[in-house]
Amino acid sequence: MSRVEPFENAPDYVRKFLINEIIQRKSPATVEEYYYDIRLFLKYIVMEKRKTEKKEQEQEFPELSLLEAQPDKEDRSKMISLKKNRKKTYKEKDLKIRKQEKQKLDLVEEESITDEDILGVTTYDIESFVAYLMNNLLDTEATRSRKISALRSFYAYLHSKKWIDENPVASIPLPRKKRSLPVYLTLEESEALLDFFS
């Protein structure tokens, strides 16, 4: 069984990059992570493109008068109900938001990703994706850093092959990793530890 098999549905440019990474003797786990991270990004690009196209096709809504905009009794009761539901922890809400966002991305079929989607990426697209990772998928600094690194490698490869004029990820900084303070024992804990072993 070939390592390349899992990438058979990948767009041509992505598959070429992954094969190159295998040739460069990257670990299979690294290549697979690259694939998932690049695929996630490209699905995001397609999803955003569809949103833009949908907005352009929508008709403008007629302006509402202030009287029409006032909530009726049913709307007020819904608003009160929403306020009561705010007691859920942020973590539960965050997990729900993350799940919904992943479901939206799952709706984008890999086959719908075009060469234009891949080659037409701008630095703004990358920055928008990083914001999406932070705010919608709630990725940690380490996870965002890994995804940016995967995209940086992918677009550096495309640039080295002269398929794009410049690497849109080159100027994107990696998130700073949080440095935690060292955990140390108090004087009493140190004495108790020493007493225990004496």
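Heads up: the structure comes first, above all this text.
Quick caveat: nothing in here was measured; it's all calculated off a predicted structure.

K.L.:
A description of the overall build of the chain should follow, citing residues and the corresponding values.
P.N.:
For the chain, the helix and strand inventory stands at 9 helices and 0 strands. Shown N-terminal to C-terminal, the secondary structure of the chain runs as helices and strands in the order α-α-α-α-α-α-α-α-α. Considering only intrachain contacts with a sequence separation of at least 6, the fraction spanning at least 24 residues in the chain is 71%. Accessible surface, the chain as shown: approximately 15,100 Å² in total, 53% of it carbon and sulfur.

K.L.:
Describe helix α8 (residues 141-160), naming the residues involved and giving the relevant values.
P.N.:
Taking 1.5 Å per residue, 20 residues should reach 28 Å; α8 reaches 28 Å between its end C-alpha atoms and fits that length. Burial in α8 covers these residues: R144, S145, K147, I148, A150, L151, F154, Y155, Y157 and L158. In the segment just after α8, K162 is the residue with positive phi, at about 65°.

K.L.:
Describe in detail the pattern of salt bridges, supporting the description with residues and values.
P.N.:
Following the criterion strictly, the structure yields 8 salt bridges and no others. Ionic pairing is found between K147 and D139, a salt bridge with its closest N-O pair at 2.7 Å. Overall, the relative accessible area of 7% leaves D139 in the buried class. One salt-bridge network, held together by shared partners, links D12, R15 and K16.

K.L.:
Break down the environment of L138 for me, with residues and values.
P.N.:
Looking at where L138 falls in the secondary structure, it is placed in the loop between α7 (123-135) and α8. Judged by relative accessible area, which is 30%, L138 ranks as partly exposed. Beyond its immediate chain neighbours, meaning those up to four positions away, L138 contacts D94, R98 and L133.

K.L.:
A description of a nonpolar patch on the surface should follow, citing residues and the corresponding values.
P.N.:
The grouping of L185, L193, F196 and F197 at the surface amounts to a nonpolar patch, some 480 Å² of accessible area in total. Structurally, the position occupied by F197 is in helix α9 (residues 187-197). For F197, a relative accessible area of 64% corresponds to the exposed category.

Rules behind the numbers
- Residues numbered from 1 in each chain as written.
- Predicted model: local features only at pLDDT ≥ 70, side-chain atom pairs only at ≥ 80, totals over all residues.
- Heavy atoms only, no water.
- Helix = DSSP H or I, 4+ residues; strand = E, 2+ residues; numbered from the N terminus.
- Contact = heavy atoms within 4.5 Å.
- Areas by Shrake-Rupley, 256 points an atom, 1.4 Å probe, with all protein chains shown as cover.
- Expected span 1.5 Å × (residues − 1).
- Buried < 20%, exposed > 50% of the residue type's maximum accessible area, 1.4 Å probe, protein only.
- Salt bridge = Lys/Arg side-chain N within 4 Å of Asp/Glu carboxyl O.
- Patch = residues over 30% accessible without salt bridge, like charges linked within 9 Å, V, L, I, M, F, W, Y side chains within 5 Å.

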